[in-house]
Amino acid sequence: MDKIYLNQVGYFSESEKRAVLNFKADDFEIENADGNCVFKGKVSHFGTDDISGEDTYVAKFSDFKTEGTYRIKAQDGVSAAFTISDKPYAKLMKDICKCFYYLRCADALDKEFAGEYYHKPCHMTKATVYGEDTEPVDVTGGWHDAGDYGRYSTAGAVAVAHILYGVRFFPELLKVKFNIPAVSAEKGILPDILAETKVELDFLMKMQRENGSVWHKVTTFCHAPFVMPEDDKEELFLFPVSSIATADIAAVMALAYSVYKDYDSAYALKLKESSLRAYKWLKENPDELLFHNAEGSNTGEYDEAEDISNRFWAAAALYEAFGEEKYLTDAIDKKKELDLFDKEAKKKGYQGDVFTCMGWAEVAGLGSLSLFLKNEKNEITEEMKKRFILEADRLVENAGKNGFNLCMEAKDFIWGSNMELLKYLMVLTVSNKMLNVKAEYKNAIQSGLDYLLGCNSMDTSYVTGNGERAFKNPHLRPTAVDDIEQPWPGLVSGGPNVGLQDEMAKKVPADSAPMKCYYDHTACYSLNEITIYWNSPLVFVMAGMLQR
Ligand code: G3I
Ligand code: 9MR
Ligand code: ZN
């Protein structure tokens, strides 16, 4: 079918703007809401690529800058509507932040703020410490991870980190208001974004044992059926501590200390104490303690191959927050170890640099961000800056290989491919803002966002409620059973995944191009789930766009 793909939300007047056609055309027109032609342009042929598998044609319209709402037409093709404005992403930004509020566990929702998406108190019982004969523990609170009701320490730490690094690099994020209950602190009301991250930080502190180590997760033994959270009444288990969770908590608490100390000294001290206690445990327990699910348990495993990147992140974050040289020494040691690990990974054909990774597993890139914030002229910081730039250049080169100017390669279309993209956009954002301002970086960020918001072979915006053809059926338990027509807005889908790892995903032809391995169906957890750490990197990237 003839399709014209573009960003269905919109563009700044001065943004680079492009639509992608999957059919041959010579000319295109932009039509306003009254059906009048307001701009004419020429289409150029790009050709095929190995991510979309389509023979693409490109319609560039950067020269068209007039504010308004439009569609693009070429031959019989008509695009979705889009806007040009000086605040094209204001609603998107509110929506993606408010998602964390709706994902709150326990009794933290308020009808006044949650509206029709209110749910009753959930997961209020104490959790059994798995495999131990000790008293059950109160670990209520935090955010549900995703479409399931698990709460996982590493996933939570990384999501909070994306947001708090966003706050550190782009303080404009502190001004975003998204209608959640006010939280008072020593020096006044907390900015909304910090009120929301505090919910998860408070929970993560409960996940820490007296000795400093951190339980990997709290979940029921198996995933709940499709019920509202308050109807998921199975026993909760705290599964064993891991060094990966402990390191991530040491890191995120240090980062949080640096943010919250400007608002509340007592709370900041609590964060610092938690960070130091976790770090002390790590030093006393130098061997990796990885995590695997208990026999028969199927909730999220979040298993990692090593804990080096986590320990590197912790050392760098503690150095940034507390300034003692010993942490820098540790970071340098861990960097050496991780370089050796990375060499092995490269032998297996992995491209990209582990020191730019910021997912739920590989977190060394977050350590690099702490070094950039510290901004000292030392060897390790200079090296990380160079490595970010090299990675950003690699991404720009990738973007040149397809008509979408998308920085992804075929291998990136795995479970949560939209996060692979968003991690890349974080690297490009940091590189462009902090290290080396470059038009190519800026354009690759815009094109990446365009892809997420509809300029893709599915003609789909991967953010609910944002874009005329936004996905509507996330794998998200409350949405699946709440009888409300639309999911709440601002949820980021996992996105296309060549692995097609669930039953319903098998309906997608297995020989589909990577960009087309997607199906907007509630049952497709490997293609269409949502999670806190797929929303959070978008908050970072959009914060970068606020401060242009
Ligand atoms: O790292 C390998 C890579 O080397 C290889 O080339 C590629 C090809 O398949 O796979 C990569 O591994 C993938 C891994 O994620 C790392 O990204 C696996 O295929 C993939 O199955 C795995 O998916 C994870 C999934 O859980 C299953 O474990 C997702 O990243 C992760 O986001 C997801 O997390 C779930 C939680 O378990 C439960 N809560 C919901 C959440 C989101 O779906
Ligand atoms: O809903 C679960 C989702 O959050 C996870 O990402 C996914 C993989 O762990 O598992 C989903 O739950 C499925 C379970 O693993 C198997 N039975 C079907 C469940 C979804 O309907
Ligand atoms: Zn809950």
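Overview of the structure. Note that the coordinates shown come from a computational prediction; the quantities given were computed from them, not determined experimentally. (Residues numbered from 1 in each chain as written. Chains lettered and ligands numbered in written order. Predicted model: local features only at pLDDT ≥ 70, side-chain atom pairs only at ≥ 80, totals over all residues. Heavy atoms only, no water.)

**With respect to the overall build of the chain**
Phase 1 of the analysis: Of regular secondary structure, the chain possesses 15 helices and 15 strands.
Phase 2 of the analysis: The C-alpha atoms of the chain give 23 Å as radius of gyration, which agrees with the globular expectation for 548 residues (24 Å, within 12%).
Phase 3 of the analysis: A burial count over the chain gives 62% of its 548 residues as buried.
Phase 4 of the analysis: Excluding contacts between residues fewer than 6 apart, the proportion of contacts in the chain whose partners are at least 24 apart in sequence is 70%.
Phase 5 of the analysis: Counting every atom, the chain has about 20800 Å² of accessible surface; 50% of that belongs to carbon and sulfur.
Phase 6 of the analysis: Averaging the positions of the 62 positive and the 85 negative side-chain charges in the chain gives two centres separated by 4 Å. (Helix = DSSP H or I, 4+ residues; strand = E, 2+ residues; numbered from the N terminus. Rg over C-alpha atoms; globule rule 2.2 N^0.38 Å. Buried < 20%, exposed > 50% of the residue type's maximum accessible area, 1.4 Å probe, protein only. Contact = heavy atoms within 4.5 Å. Areas by Shrake-Rupley, 256 points an atom, 1.4 Å probe, with all protein chains shown as cover. Lys, Arg positive; Asp, Glu negative; His and termini not counted. Charge placed at Lys NZ, Arg CZ, Asp CG, Glu CD.)

**With respect to the pattern of salt bridges**
Phase 1 of the analysis: A full pass over the atoms with the stated rule returns 33 salt bridges.
Phase 2 of the analysis: Measuring nitrogen to oxygen at the nearest pair gives 2.8 Å for the salt bridge that ties Asp-339 to Lys-335. Placement of the pair is Asp-339 and Lys-335 together in helix H8 (residues 325–347), with a separation of four residues, close to one helical turn. (Salt bridge = Lys/Arg side-chain N within 4 Å of Asp/Glu carboxyl O.)

**Quick look at the coordination of the zinc ion (ligand 3)**
Phase 1 of the analysis: Coordination of the zinc ion (ligand 3) by the protein comes from Cys-105 (SG), Cys-122 (SG), His-123 (ND1) and His-144 (NE2), over a distance range of 2.0 to 2.3 Å.
Phase 2 of the analysis: Site description for the zinc ion (ligand 3): donor spacing in sequence, C-x16-C-H-x20-H. Of the two residues, Cys-122 sits in the loop between helix H2 (111–114) and strand E10 (128–129) while His-144 sits in the loop between E10 and strand E11 (151–152), which places them 22 residues apart along the sequence. Neither residue differs from the other here; Cys-122 and His-144 are each classed as buried. (Donors = N, O, S within 2.8 Å, 3.2 Å for Na, K, Ca; no water.)

**Focus: the site of ligand 2**
Phase 1 of the analysis: In the vicinity of ligand 2, the contacting residues are Asp-148, His-223, Phe-226, Asn-298, Trp-415, His-475, Arg-477, Tyr-525 and Glu-529.
Phase 2 of the analysis: In this structure, an oxygen atom belonging to ligand 2 sits 2.7 Å away from a side-chain N or O atom of Arg-477.
Phase 3 of the analysis: Between ligand 2 and the protein, one listed contact pairs an oxygen atom with a side-chain N or O atom of Glu-529 at 2.6 Å.
Phase 4 of the analysis: For ligand 2, the accessible surface in isolation is 450 Å², of which the surrounding protein chains cover 64%.
Phase 5 of the analysis: Residues that form the shell around ligand 2 fall into these classes: three nonpolar, three polar and three charged. (Near = heavy atom within 4 Å. Polar contact = N/O pair within 3.5 Å; in protein donor to acceptor, adjacent residues only side chain to side chain. Nonpolar A, V, L, I, M, F, W, Y, C, P; charged D, E, K, R; others polar.)

**With respect to the sheet that holds strand E15 (residues 237–242)**
Phase 1 of the analysis: Here four strands make up an open sheet; going across it, the order is E10-E15-E14-E11 and the pairing mixed. This sheet does not close on itself; its edge strands, each paired only once, are E10 and E11.
Phase 2 of the analysis: With five bridges connecting them, strand E14 (residues 214–219) and E15 associate as antiparallel partners. Residue pairing across strands places Lys-217 opposite Phe-239, the latter belonging to E15. (Pairing = 2+ DSSP bridges.)

**Side note on the environment of Thr-429**
Phase 1 of the analysis: Mapped onto the elements of the fold, Thr-429 is located in helix H11 (residues 417–435).
Phase 2 of the analysis: The spacing of Thr-429 and Tyr-152 is 277 residues in sequence and 27 Å in space, taken between C-alpha atoms.
Phase 3 of the analysis: Contact partners of Thr-429, with chain neighbours within four places excluded, come to Phe-170, Ile-445, Phe-540, Val-541 and Gly-544.
Phase 4 of the analysis: A polar contact is formed between the side chain of Thr-429 and the backbone oxygen of Leu-425, at a distance of 2.6 Å.

**So, unusual backbone geometry**
Phase 1 of the analysis: Even without a glycine there, the phi angle at Asn-179 is positive, about 60 degrees.
Phase 2 of the analysis: You can see Asn-179 is positioned in the loop between helix H3 (153–169) and strand E12 (184–185).

**Regarding the site of ligand 1**
Phase 1 of the analysis: The local shell around ligand 1 holds 14 residues, among which Asp-145, Asp-148, Gln-501, Glu-529 and Tyr-533 are the closest.
Phase 2 of the analysis: One of the side-chain N or O atoms of Asp-148 is found 3.0 Å from a nitrogen atom in ligand 1.
Phase 3 of the analysis: Within the side chain of Trp-360, a nitrogen or oxygen atom sits 3.1 Å from an oxygen atom of ligand 1.
Phase 4 of the analysis: A total of 780 Å² of accessible area belongs to ligand 1 in isolation, and the protein chains cover 57% of it.
Phase 5 of the analysis: Looking at the shell around ligand 1 residue by residue, the classes come out as eight nonpolar, three polar and three charged.

**Description of helix H9 (residues 364–374)**
Phase 1 of the analysis: With respect to burial, H9 is a largely interior element, 10 of its 11 residues being buried.
Phase 2 of the analysis: Looking at H9, one finds that the buried residues are Ala-364, Gly-365, Leu-366, Gly-367, Ser-368, Leu-369, Ser-370, Leu-371, Phe-372 and Leu-373.

**Quick look at helix H6 (residues 265–284)**
Phase 1 of the analysis: Relative to the 28 Å expected for 20 residues at 1.5 Å per residue, H6 spans 28 Å between its end C-alpha atoms, a close match to the ideal helical length.
Phase 2 of the analysis: Taken together, the buried positions of H6 are occupied by Tyr-267, Ala-268, Leu-271, Ser-274, Ser-275, Ala-278, Tyr-279, Trp-281 and Leu-282. End-on, the buried residues of H6 take up no more than an arc of 160 degrees, which puts them together on one face. Opposite its buried face, H6 presents the exposed residues Leu-269, Lys-280 and Glu-284, each directed more than 90 degrees away.
Phase 3 of the analysis: Each element contacted by the buried residues of H6 is listed here: helix H4 (192–206), helix H5 (243–260), helix H7 (308–322) and H8.
Phase 4 of the analysis: With a side-chain oxygen lying 3.3 Å from the backbone nitrogen of Ala-266, the N-terminal cap of H6 falls on Asp-264. (Expected span 1.5 Å × (residues − 1). Arc of directions from axis to C-beta.)

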